[in-house]
There are 2 protein chains.
Amino acid sequence: MYRKILMRMRMRMMNATRKVVVGWAKEYKRYLSTTTTNQILLSPPLVSVDLPEIWGSTSTLYHHHPSQSPVSHAKIINGKSIAEEITSRVASNVKRMKESIGKVPGLAVILVGQRRDSLTYVRNKIKACEEAGIKSVVAEFPDSCAEEDIMTSLSKFNEDPSVHGILVQLPLPEHLDEEKILNLVSLEKDVDGFHPINMGNLSMRGREPLFVPCTPKGCLELLLRSGVEIVGKKAVVIGRSNIVGLPIALLLQRHHATVTIVHACTKNPERITCEADIVVTAAGVPSLIRSSWLKPGAVVIDVGTCPVEDPSAEYGYRLVGDVCYEEALSIASAVTPVPGGVGPMTIAMLLCNTLDSAKWLYGFT
Amino acid sequence: MYRKILMRMRMRMMNATRKVVVGWAKEYKRYLSTTTTNQILLSPPLVSVDLPEIWGSTSTLYHHHPSQSPVSHAKIINGKSIAEEITSRVASNVKRMKESIGKVPGLAVILVGQRRDSLTYVRNKIKACEEAGIKSVVAEFPDSCAEEDIMTSLSKFNEDPSVHGILVQLPLPEHLDEEKILNLVSLEKDVDGFHPINMGNLSMRGREPLFVPCTPKGCLELLLRSGVEIVGKKAVVIGRSNIVGLPIALLLQRHHATVTIVHACTKNPERITCEADIVVTAAGVPSLIRSSWLKPGAVVIDVGTCPVEDPSAEYGYRLVGDVCYEEALSIASAVTPVPGGVGPMTIAMLLCNTLDSAKWLYGFT
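Residues numbered from 1 in each chain as written. Chains lettered and ligands numbered in written order. Predicted model: local features only at pLDDT ≥ 70, side-chain atom pairs only at ≥ 80, totals over all residues. Heavy atoms only, no water.

Caption draft 1: Molecular detail of the sheet that holds strand β3 (residues 135-141) of chain A. Residues and elements named next belong to chain A. Taken together, three strands build an open sheet; the order of strands is β3-β2-β4 and the sheet is parallel. Sheet topology places β3 and β4 (165-168) at the edges, where each strand pairs with a single neighbour. For this sheet, the mean inter-axis angle between neighbouring strands, taken without regard to orientation, is 15°. Relative to β3, strand β2 (residues 106-112) is paired through seven bridges, and the arrangement is parallel. Within β3, the residue paired with Gly106 across the bridge is Lys135. Contacts between helix α3 (residues 116-132) and the sheet are confined to β2, β3 and β4, with β2 contributing the most and set at about 170° to the helix. (Pairing = 2+ DSSP bridges. Helix = DSSP H or I, 4+ residues; strand = E, 2+ residues; numbered from the N terminus. Axes fitted to C-alpha atoms, helices over the stretch in contact; angles between N-to-C directions. Contact = heavy atoms within 4.5 Å.)

Caption draft 2: Just the relation of the copies chain B and chain A, in detail. Once chain B is rotated about the relating axis by 180° and shifted along it by 0.0 Å, it coincides with chain A to within an RMSD of 0.0 Å. Taken together, the turn and the small shift mark the pair as related by a two-fold rotation axis. No C-alpha of chain B lies nearer the rotation axis than that of B:Gly200, which sits 1.8 Å from it. An overlap of 100% is found between the interface residues of chain B and their copies at the interface of chain A, pointing to a shared contact surface. (Least-squares fit on C-alpha atoms with pLDDT ≥ 70 in both.)

Caption draft 3: Broad picture of the interface of chain B and chain A. With 75 residues of chain B at the interface, the matching set in chain A holds 75 residues. Summed over both partners, the interface of chain B with chain A buries about 6800 Å², with 59% contributed by carbon and sulfur atoms. The salt bridge involving A:Arg271 is made with B:Glu275; its shortest N-O contact spans 3.3 Å. Residue composition of the side of chain B that touches chain A, by class: 38 nonpolar, 21 polar and 16 charged. (Buried area = accessible area lost by both parts, 1.4 Å probe. Salt bridge = Lys/Arg side-chain N within 4 Å of Asp/Glu carboxyl O. Nonpolar A, V, L, I, M, F, W, Y, C, P; charged D, E, K, R; others polar.)

Caption draft 4: A look at the sheet that holds strand β3 (residues 135-141) of chain B. Residues and elements named next belong to chain B. Strand order in the open sheet made by the three strands is β3-β2-β4, with parallel pairing throughout. Single-partner strands in this sheet number two, and they are β3 and β4 (165-168). With strand direction ignored, the average angle separating the axes of adjacent strands in the sheet is 15°. Pairing of strand β2 (residues 106-112) with β4 involves four bridges; the strand directions are parallel. Bridge assignment links Ala108 to a residue of β4, and that residue is Ile166. Across the sheet, helix α3 (residues 116-132) lies against β2, β3 and β4, angled at about 170° from β2, the strand it touches most.

Caption draft 5: Quick look at the pattern of salt bridges. Per the stated rule, a full pass over the model turns up 26 salt bridges over all chains. When salt bridges that share partners are traced, they join A:Glu85, A:Arg89, A:Glu221 and A:Arg225 into one network.

Caption draft 6: Spotlight on the packing of α3(B) against helix α11 (residues 342-362) of chain B. Residues and elements named next belong to chain B. Following both chains from N to C, one finds α3 and α11 inclined at 55°, their axes separated by 10 Å at the closest point. Considered as vectors, α3 and α11 are oriented oblique to each other. Once α3 is placed against α11, the crossing between them reads as right-handed. On α11, the residues that touch Asn124, Lys125, Ala128, Cys129 and Ala132 of α3 are Ile347, Leu350 and Leu351. In terms of residue class, the contact of α3 with α11 is made up of six nonpolar, one polar and one charged. (Parallel < 35°, antiparallel > 145°, perpendicular 65-115°, else oblique. Left-handed = near helix turned anticlockwise from the far one by under 90°.)

Caption draft 7: Unusual backbone geometry, seen in detail. All names here are of chain A. Omega for the peptide link from Val338 to Pro339 comes to -5°, which places this bond in the cis form. In this structure, His256 is a non-glycine residue whose phi angle is positive, near 70°. Looking at the element boundaries, His256 is found in the loop between α8 (245-254) and β6 (258-262).

Caption draft 8: Up close: the packing of helix α7 (residues 214-225) of chain A against helix α11 (residues 342-362) of chain A. Residue and element names in this part refer to chain A. It is the contact of α7 with α11, at a shortest axis distance of 8 Å, that shows an interaxial angle of 110°. Taken together, the axes of α7 and α11 lie roughly perpendicular to each other. Across the interface between the two elements, Cys214, Thr215, Lys217, Gly218, Cys219, Glu221 and Leu222 of α7 pack against Val342, Met345, Thr346, Met349, Leu350, Asn353 and Asp356 of α11. Among the residues making up the contact of α7 with α11, the classes are represented as seven nonpolar, four polar and three charged.

What follows is the structure, encoded as structure tokens:
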């Protein structure tokens, strides 16, 4: 009797769920396939892709595409050209804004110390701003600077109406309190999306962060533009940093993937990763991901960039990703190269976030 | 040459990692095994259990305990008696506080509407406060109340120095903006831990939320008190709600489990779940988890509570969890019952959070 009641309840729930979720899934797909004029990215507002959390049975709610058989050569996801396309769209939006209301977006960067990688990143960001017509300003501090100096500079940028985005280049020297500094960035100018409120709203269903961190947002855009289906797919994120691993996992989950985060304490990460339809790796370990880590037909997004000595290269070193690129090409269905994959997308997303911030402030669409 | 450099780098990283992480792992275990006077919970501050994110090779950094063979009868994790023990410790802390500084912790509850389950939950929470000597006050509103009325009441509680914890009983009626209401709760009184800043700080490494949501915190405490090792274990969380699934996943990850969240869009959740060492389920589907979903020796925490008709029960219904309890007993190594498992722990954690809040305010230890 009791079992019968249970069975009846489960059947009723299953049927109700299937209808509701399939209905929403259609809506979700429709949303993703719709682009409006002036829309720069495919990434929709996260609230709009939400699905009701109604539980069905163990049966599959979506068509299951069986994993593809090994492909002779994977599609190379050209982040450089996608980023260029996005940047040029940002530039035309900035131009339109300037002509229409006489304003341009402004980005302020706080740079502490002389780390070679940080200097390069900041230089690239400033250059990209210039190309897109975004005004930029860099406040540079010596390695040994006092926390108060940074806080004062940050407060000024928070007040400055010509600054729409503020970026603190990480990592900061050890003696500085990263949490305290990042928390001071005005929520409306937090174009890096690292403020705990933005991160909290990214993690919570039904909430919308003002800004999504740039690298994860770039990874998602690469997936969407490459036509990769995310709903119901198994995704493995390798690495759980606050700036890449965690937010990309949250983002994939909000797009209804089944996400596993693999990290330094994970036992047998290879076995877990090789079951994934989508692999996003941000471990920073050169060539960690061999072909044995990948399921045939998987989509691989390589966030890792590690400089390794190479006397034949222009500067004596070259950038290497987490993925054994040649091996991945022979088994995956799509792969991002390093360099030329995620890197340029990070900067393009920074421009998008800064433009969005200015648009919101001025009510410009 | 290039390959050699890579290999050398990987080897160096592996060795460095092993030393650092194993050192930290010892520290982590030492922390968990240390209890101090007046310490009510085993749950340590999250920052203290952080491990450096240094990547090693695919080799195992921790001793791998092979999954146990099927046990004839699982250990029943008695949430009721653990919760009673915690509540009695809270009570003695409250008594000590009263005797020492003449203050007691205060909890304010906002209750909207007449949902039977909400009424029961609130009644139980108030009763538990009384037993622990915590002052409580309930602001009741009709189903049709205006948002402003709740906001006004909330603001008063925020200002009231005798109130140390504020709880908005969820779910709220549809016409009310849950996000707006929860965001108004003062961060220092957010004993439910649902404020996006607390959630953001829970999700980010190196950060410490002021409060961890009660049900997830209770689940973790059950695991710790049952001696379940979490570091490096595969954990599957079923359900991704803001109040249970998401925060328990974040919490398990902060304790270095490898976490997968299974949800309504997951394909073949049974196959994923049956690989987990730890299963926390909060789907709200009676008897969803059959024995075939469980790995022999798994630890199963059942957060689901669904009322099902039962003419033989006192009120005509009984509470059923997500797990087929009898089946789980025959395959798992430990299981929480429903009722008497997670439920009482949720309330005990609410008392702990309210006590903590008062302790912080008064600087009382």
